[in-house]
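Next come the chains, spelled out residue by residue.
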Amino acid sequence: MNEDSGLTQFSLGINAYRVLAPDARAVGVRTHQLRFDNLGAEPAGPAGSRVAEEFLAAGRLRAHDREGVLSASDYFGDAMVTTLAQLDDDPVAAHQRTELPPSVAATMELGEALMRRRSVRRYSGDPIAAAELATVLRLADGLTAEADVELLRGGHETFRFRTAPSGGGLFPVALHVVALDVTGLDTGVYRYQPVRDVLVREDGRAGVDRVLDAFTTPGTAIAFDTAAALVVMVASPWRSMRKYGPRGLRFVLHEAGAIAQNMHLAVTSLGLGSTDCASFVDDELHAALDIDGVLRAAVHAVVLGRLE
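What this report covers is the structure whose coordinates are included nearby. In this text, all values refer to a predicted model and were calculated from it rather than measured experimentally.

A few words now on the overall build of the protein chain. Helices and strands together make up the secondary structure of the protein chain, namely 11 helices and 11 strands. Of the contacts made within the protein chain by residues no fewer than 6 positions apart, 70% connect residues no fewer than 24 positions apart. For the protein chain, the accessible surface area stands at approximately 16,900 Å², while carbon and sulfur atoms represent 56% of it.

At His64, a position not held by glycine, the phi torsion is positive, near 60°. Positionally, His64 belongs in the loop between α3 (51-58) and α4 (66-73). Overall, the relative accessible area of 70% leaves His64 in the exposed class. The residue Asp88 is not glycine, and still its phi comes out positive at about 60°.

The residue Gly204 is located in the loop between β8 (198-203) and α8 (205-213) in this model. On a C-alpha basis, the gap between Gly204 and Ala179 in space is 9.5 Å, while along the polypeptide they are 25 residues apart.

Next up on the list: the pairing of strand β4 (residues 156-162). On a regular strand, each side chain points to the face opposite its neighbour's, so the side chains alternate between the two faces of the sheet. In terms of strand pairing, strand β3 (residues 143-150) meets β4 through 7 bridges, oriented antiparallel. Across the sheet, residue Val149 finds its bridge partner in β4, namely Glu157. Hairpin remark: β3 followed by β4, antiparallel, with 5 residues in the connecting loop; positive phi at Gly154, about 105°.

Moving on, we get to the sheet that holds strand β11 (residues 297-306). If you trace the 7 strands from one edge of the open sheet to the other, you get β1-β8-β7-β5-β9-β11-β10, paired in antiparallel fashion. Of all the strands in the sheet, the pair left with one neighbour each is β1 (97-99) and β10 (272-276). When the angles between neighbouring strand axes are averaged without regard to direction, this sheet yields 30°. Relative to strand β9 (residues 229-235), strand β5 (residues 173-179) runs antiparallel, the two sharing 7 bridges. The residue bridging Ala174 from the neighbouring strand is Val234, located in β9. Across the sheet, helix α7 (residues 130-141) is in contact with β5, β7 (188-193), β8, β10 and β11; its angle to β5 comes to roughly 165°.

Quick look at helix α11 (residues 282-289) now. Every buried residue belonging to α11 is among Leu285, His286, Ala288 and Leu289, and all of these are buried. Projection of α11 onto a plane perpendicular to its axis shows the buried side chains occupying an angular sector of 160°, all on one side. Within α11, the exposed residues directed more than 90 degrees away from the buried face are Asp283 and Ala287. Of the surrounding elements, those touching the buried residues of α11 are β5, β7, β8, α8, β9 and β11. Asp290 sits one or two positions beyond α11 and adopts a positive phi of about 60°.

We now examine the pairing of β10. Burial analysis of β10 places 4 of its 5 residues in the buried class, the great majority of the element. Across 5 bridges, β10 lies against β11 in antiparallel orientation. The partner of Leu272 across the bridge, within β11, is Arg306.

Now for the pattern of salt bridges. A complete count under the given rule lists 14 salt bridges for this structure. Asp88 is paired through a salt bridge with Arg239; the nearest N and O atoms lie 2.8 Å apart. Taken together, the positions of Asp88 in the loop between α5 (78-85) and β1 and Arg239 in helix α9 (residues 238-244) put the pair 151 residues apart, joining distant regions of the chain. Classification of Arg239 as partly exposed rests on a relative accessible area of 26%. Through salt bridges with shared partners, one network takes in Asp88, Asp141, Arg162 and Arg239.

This paragraph deals with the packing of α8 against α11. Helices that pack against each other are described as a pair by the angle of their axes relative to one another and the distance between those axes. Look at α8 against α11: their axes get within 8 Å of each other, and the N-to-C directions meet at 165°. Put simply, α8 runs roughly antiparallel to α11. As α8 runs across α11, the sense of the crossing is left-handed. Along its contact with α8, which presents Arg210, Val211 and Asp213, the element α11 presents Glu284, Leu285, Ala288 and Leu289. Taken together, the residues of the contact of α8 with α11 break down into 4 nonpolar, no polar and 3 charged.

Moving on, we come to a negative patch on the surface. There is a patch of like negative charges on the surface, built from Asp209, Asp213, Asp282, Asp283 and Glu284. Those elements that provide at least two residues to the negative patch are α8 and α11. The element that contributes the greatest number of residues to the negative patch is α11, accounting for 3 residues. Relative to the helices and strands, Asp282 is located in helix α11.

Reading the values: the criteria
- Residues numbered from 1 in each chain as written.
- Predicted model: local features only at pLDDT ≥ 70, side-chain atom pairs only at ≥ 80, totals over all residues.
- Heavy atoms only, no water.
- Helix = DSSP H or I, 4+ residues; strand = E, 2+ residues; numbered from the N terminus.
- Contact = heavy atoms within 4.5 Å.
- Areas by Shrake-Rupley, 256 points an atom, 1.4 Å probe, with all protein chains shown as cover.
- Buried < 20%, exposed > 50% of the residue type's maximum accessible area, 1.4 Å probe, protein only.
- Pairing = 2+ DSSP bridges.
- Axes fitted to C-alpha atoms, helices over the stretch in contact; angles between N-to-C directions.
- Arc of directions from axis to C-beta.
- Salt bridge = Lys/Arg side-chain N within 4 Å of Asp/Glu carboxyl O.
- Parallel < 35°, antiparallel > 145°, perpendicular 65-115°, else oblique.
- Left-handed = near helix turned anticlockwise from the far one by under 90°.
- Nonpolar A, V, L, I, M, F, W, Y, C, P; charged D, E, K, R; others polar.
- Patch = residues over 30% accessible without salt bridge, like charges linked within 9 Å, V, L, I, M, F, W, Y side chains within 5 Å.
- Lys, Arg positive; Asp, Glu negative; His and termini not counted.
- Charge placed at Lys NZ, Arg CZ, Asp CG, Glu CD.

Structure follows, in structure tokens:
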């Protein structure tokens, strides 16, 4: 960093005086004063909800949590084992079903993919192939193995495993694919169903426009107009919270992060580009995807396209 930079000196100056107590005033980079005041953080400031801190406090794991133990133990009974074995295996009507082509080879060594991964916000405008999209989806959150689980009453159920880890194997995060320019795939909004390895068509071009309108990132920051696809991660938090209580929401976010990283590494190995984007107006995006925003809610998105 240039020591003669006026900006550097200013940045150091505004952060030089911080309280020692663990509150927002003690962080290395201060939040905007108006937002900070309206959090109710100042002793004499307005009283208000501290939603983020409340979420962390509510999700704490405490010693001797009998309720949590009982809740988790319920998932080892035959009824829940059978339920888990059938997760995301809902039948798909023929007119909604789009078969995915075979994957293309993603042969880049993991270490190289990690070193090469960068957020790519501008794209060539050329389409990507349906096979490339299928590869990204399968590597992001596709099935990798199956195993039989014995039931207490006799017989067995088949559990399925995916590329991304999921707390309790509950898989609360679904991938909704907005196909913008994918060769071999009509423009539209789809849901990836990993168990059957198909895309389920949910809306057409009008739905695509509604989804894009919900994003607030300017085109100068992320070039949506030249991107090939957008993947929105939609969570069903109660899949995890029913078992783990409020802490289950942490596991939902862990899973979304794991899926996103898998996706970025897959994109990199295929010579494509991608970037994270959570700059969307939640209510508008939920309306566009026809979800309620509580029992099912968008938690993250990834934009991808061909490199310039």
